[in-house]
Structure formats: C-alpha cells, structure tokens
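Survey of secondary and tertiary structure
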Amino acid sequence: QVQLVDTGGGLVQAGGSLRLSCAASGRTFSNYAMAWFRQAPGKEREFVAAITPSGGNTHYADSVKGRFTISRDNAKNTVYLQMNSLIPEDTAVYYCAARPFGYSVYSRSYNFWGQGTQVAVSS
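Residues numbered from 1 in each chain as written. Predicted model: local features only at pLDDT ≥ 70, side-chain atom pairs only at ≥ 80, totals over all residues. Heavy atoms only, no water.

1. Things to note about the nonpolar core
Selection criterion: Note on terminology: a nonpolar core comprises buried Ala, Val, Leu, Ile, Met, Phe, Trp, Tyr and Cys residues joined through side-chain atoms within 4.5 Å. Relative accessible area decides the class of each residue, using a 1.4 Å probe on protein chains only: under 20% of the type maximum gives buried, over 50% gives exposed, and in between gives partly exposed. In this description a helix means any DSSP run of H or I spanning at least four residues, a strand means any run of E spanning at least two, and both kinds are numbered starting from the N terminus. Pairs of residues are marked as contacts when any of their non-hydrogen atoms sit within 4.5 Å.
With 37 residues, the main nonpolar core has L4, M34, W36, L81, M83 and Y94 as its most contacted residues. Of all elements in the fold, only β3 (18-24), β4 (32-39), β5 (46-51), β7 (68-73), β8 (78-83), β9 (92-100) and β11 (117-122) reach the threshold of two or more residues within this core. Beyond its immediate sequence surroundings of up to four residues, L81 is in contact with L18, R19, L20, W36, V48, A49, F68, T69, I70 and Y94.

In structure tokens form, the structure reads like this:
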C-alpha cells in the first residue's frame, strides 16, 4: 500500500514557475518509479515526466522537455516537478503516480495515484 499526496499547484502567469511536490507513505518508496501525469478538461490524461527508483534516469514528454524537471528525495519519500517557462497549454490537474520497478508512459501502468493538484497558467 502506497498513498500519495500531491501539492503545490496554483495560478501563475505565462512565463512563471511552479514546483509540485508528491509525498509518499511507506518504507519502500525507493523501489518505485514515479511519474507525473496531467489532465485538462475534456482531454485524456497524458504523460508528463517520470523518474527511476534511484533517481538516476528521467524521461519527459516532448511538450515539456527543457522546461520541466522531475526529481526525487528518497530520504523524504518525495518526488518533485519543477515547472519553468509555463504556458497556458500547461493548464491541467497534475497527478503524481507510482509503480514498482521501471517507469511507464502509460497511465494504466501505475498502481498508485495522488489526488491531483490544479495548475492554471494565464496569458
């Protein structure tokens, strides 16, 4: 059982930055790949970024590459998403997700999910 709580969303102007956090329960956080997904109204949930259990490798959607950075602090059981140069197209509810071992770009591959945090980017 892993419980995730994602926080840090808010309203920001285009060009601004936000840092999302996802705190996980349990002692086995370091065994889980972590990811961020997002979902805008009327759209399917889409992959944003993922990180391997040790934090040694990351993967990003093309739409956020160069602007977003995923990281993790296993001592704190927390994963982060630093979002810079935000654009209105980034507006969505952002969800953190976890699965054992390797990461996946498919939402259906993840076992555990946070409740979501709203990010709104105004022009």
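2. Some thoughts on the pattern of salt bridges
The line we're drawing: By definition here, a salt bridge exists when the distance from a side-chain nitrogen of Lys or Arg to a carboxyl oxygen of Asp or Glu is within 4 Å.
Within this structure, the stated rule accounts for 4 salt bridges. When the shortest N-O distance is used, the salt bridge between R38 and D90 registers 2.9 Å. Of this pair, R38 sits in strand β4 while D90 is found in the loop between β8 and β9, placing the two residues 52 residues apart along the sequence. A residue is classified by how much of its surface remains accessible, and R38, at 5% relative accessible area, is buried.

3. A word on the sheet that holds strand β1 (residues 4-7)
Counted only if it meets this: Strand pairing is assigned whenever DSSP detects at least two bridges linking the two strands. Axis lines are fitted through C-alpha atoms, for helices just across the contact stretch, and the angle between N-to-C directions can take any value from 0 to 180 degrees.
Strand order in this open sheet of 4 strands is β1-β3-β8-β7, and the pairing throughout is antiparallel. Every interior strand has two partners, whereas the edge strands, β1 and β7, have only one. In this sheet, adjacent strand axes meet at a mean angle of 15 degrees when their direction is disregarded. Across 6 bridges, the pairing between β3 and β8 is antiparallel.

4. Notes on the pairing of β7
Only one face of β7 is buried, namely the one carrying F68, I70 and R72, since none of T69, S71 and D73 on the opposite face is buried. For β7 and β8, the ladder comprises 6 bridges, and the chain directions are antiparallel. Note that in β8 the partner of F68 across the bridge is M83. The turn linking β7 back onto β8 is made up of 4 residues, and N77 within it adopts a positive phi angle of 55 degrees.

5. Observations regarding the environment of Q13
As for its position among the elements, Q13 is in strand β2 (residues 10-13). Since its relative accessible area comes to 61%, Q13 is described here as exposed. With 106 residues separating them along the chain, Q13 and V119 place their C-alpha atoms 11 Å apart. Discounting residues that sit within four places of it in the chain, Q13 has contacts with V121 and S122.

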